[in-house]
Amino acid sequence: MSEPADRRYGPATLPRSRGPLSAAVVEALRRPPYDLPADLGIDLDPADPIVDEDLQLTLFLCYELHYRGWLGVDESWEWQPSLLALRARCERIFEAALRRLVGVPSVPAAGVPAGLAELVAADDGPALAAWLQRRADLAQFREFVAHRSVYHLREADPHSWALPRLGGPAKAALVEIQTDEYGNGRLDRMHAELFRRTLDRLGVDTSYGAHVEVAPAVTLATNNLMSLFGLHRRLRGALLGHLAAFEMTSSLPNRRYGNGLRRLGFDEVATRFFDEHVEADAVHEQIAAHDMCGGLVGVEPALACDVLFGAAAALAVDRLFAAHLLDSWAAGRSSLRAPAPPAPPPTVPLVVLPAVAPPALV
Ligand SMILES: [Fe+2]
Ligand SMILES: [Fe+2]
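Bear in mind the structure is a predicted one, so any value in this text is a computation, not a measurement.

**Let's talk about the packing of helix 4 (residues 112–121) against helix 14 (residues 304–330)**
Move 1: With their axes 10 Å apart at the nearest point, helix 4 and helix 14 run at an angle of 15 degrees to one another. As judged from the angle between their axes, helix 4 and helix 14 are roughly parallel. Viewed along their axes, helix 4 and helix 14 form a crossing whose handedness is right-handed. Contacts between helix 4 and helix 14 involve Val112, Gly115, Leu116, Leu119 and Val120 from the former and Ala304, Val307, Leu308, Ala311, Ala312 and Leu315 from the latter.
Move 2: Looking at side-chain class alone, the contact of helix 4 with helix 14 contains ten nonpolar, one polar and no charged residues.

**Details of the coordination of the iron ion (ligand 2)**
Move 1: Coordination of the iron ion (ligand 2) by the protein comes from Glu181 (OE), Glu247 (OE), Glu247 (OE), Asp281 (OD) and His284 (ND1), over a distance range of 2.1 to 2.6 Å.
Move 2: Counting along the primary sequence, the residues that act as donors to the iron ion (ligand 2) give the motif E-x65-E-x33-D-x2-H.
Move 3: A separation of 4.2 Å is found between the iron ion (ligand 2) and the iron ion (ligand 1), both of which receive a donor from Glu181. One end of the pair, Glu181, is in helix 8 (residues 168–181); the other, Glu247, is in helix 11 (residues 236–248), and 66 residues separate them in sequence. Across the pair, Glu247 and Glu181 agree in class, each one buried.

**Notes on the coordination of the iron ion (ligand 1)**
Move 1: The iron ion (ligand 1) binds to the protein through Glu155 (OE), Glu181 (OE), His191 (ND1) and His277 (NE2); the donor distances cover 1.8 to 2.1 Å.
Move 2: Here the iron ion (ligand 1) is ringed by four donor atoms whose angles at the metal span 84 to 164 degrees, and the overall shape comes out irregular.
Move 3: All donors of the iron ion (ligand 1) come from a single chain, and their spacing in sequence reads E-x25-E-x9-H-x85-H.

**Focus: the state of the cysteines**
Move 1: The tally for this structure, following the rule as stated, stands at zero disulfides.
Move 2: No disulfide involves Cys62; its sulfur sits 6.4 Å from the nearest other cysteine sulfur, which is in Cys90.

**Topic: the confidence of the model for the protein chain**
Move 1: Confidence along the protein chain averages 93 in pLDDT terms, with 94% of residues attaining 70 or more.
Move 2: Predicted confidence for residues 351–362 stays below pLDDT 50, and this span has zero contacts to residues more than four positions away or in other chains.

**Some details on unusual backbone geometry**
Move 1: For the peptide bond that leads from Gly10 to Pro11, omega is 0 degrees, which places it in the cis range.
Move 2: Residue position: Pro11 is located in the segment before helix 1 (20–29).
Move 3: Positive phi is not limited to glycine here, since Ala156 has a value of about 85 degrees.
Move 4: The topology assignment puts Ala156 in the loop between helix 6 (138–152) and helix 7 (157–160).
Move 5: Its identity is not glycine, yet Asn184 carries a phi of approximately 50 degrees, on the positive side.

Rules used in this analysis
Residues numbered from 1 in each chain as written. Chains lettered and ligands numbered in written order. Predicted model: local features only at pLDDT ≥ 70, side-chain atom pairs only at ≥ 80, totals over all residues. Heavy atoms only, no water. Axes fitted to C-alpha atoms, helices over the stretch in contact; angles between N-to-C directions. Helix = DSSP H or I, 4+ residues; strand = E, 2+ residues; numbered from the N terminus. Parallel < 35°, antiparallel > 145°, perpendicular 65-115°, else oblique. Left-handed = near helix turned anticlockwise from the far one by under 90°. Contact = heavy atoms within 4.5 Å. Nonpolar A, V, L, I, M, F, W, Y, C, P; charged D, E, K, R; others polar. Donors = N, O, S within 2.8 Å, 3.2 Å for Na, K, Ca; no water. Buried < 20%, exposed > 50% of the residue type's maximum accessible area, 1.4 Å probe, protein only. Tetrahedral: all angles 85-135°; square planar, octahedral: opposite > 155°, others 65-115°. Disulfide = S-S within 2.5 Å. pLDDT = per-residue confidence, 0-100.

So, in structure tokens, the structure goes:
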């Protein structure tokens, strides 16, 4: 199959596997859909599921089938029952780990906006934004945008899955936020396209999914979290809580990212994505907490705890992500995985043998 010339919008190339589970899935996806063995003969018991390379890549491989798919992979895999069953096994492990990580907060519906504000105020994550503003060199900034590109080149898409699952005030508020994220229908204002220009200015590959190969488990986990919440209607409260946490913790870090790029001499084309979020998310923050999440639990009060769970999970996994980058850089190493080695040159046979017809199948 020949590759399309325009790789901006996907699909991405299948990444290399990172263990027996992802190896089995990558291998399967290269073939037409078929029934996978019930458990693939693999005992799934990762010590730390959120940073387990094999588990997170497997989830990402499965989830991507619902976004842009994978290059050369049969689109029917998206709803192949045995692959969905495997994904469900992985999701149970991932969700249980998330609930262990953040606990399950208890809050009445009326307390949701205040509960979100408390979670955000108590967020004491590592100072990644401050590092990028004041200290990071260009290589570290390039790594940062490569990590973030996995999400930002499809920015807002996972939260759009909430739209058909909602009615009333929460839906109206979500549409208001998403409209901005999608540039009010203007391609050149779509946040994903603004981020593409930032990547381009920094000399980083702008193709959709280009950096999945080198994104470590914790980066994939920040994305898998949104897909988990987005693809399960039962987790719609968590999905909105996740978006609220994003919006409520966006304005100040984005100001810092933009200032960091200006310190390194970049122009407004490079900083536009970050500058845009300083203004937009100061507004989105209020819409998300009060109109969207408050509106949701006003109609469905039983979802109050889920909203806070989603927000807490977003903040906690993002803290792990930030700590990974800062720890890697403090140790003098890259925060990305090693890229795939270049394909070996084709071997040239010393003696050209005459072609032999394959034996007939009987
Ligand atoms: Fe955005
Ligand atoms: Fe926003």
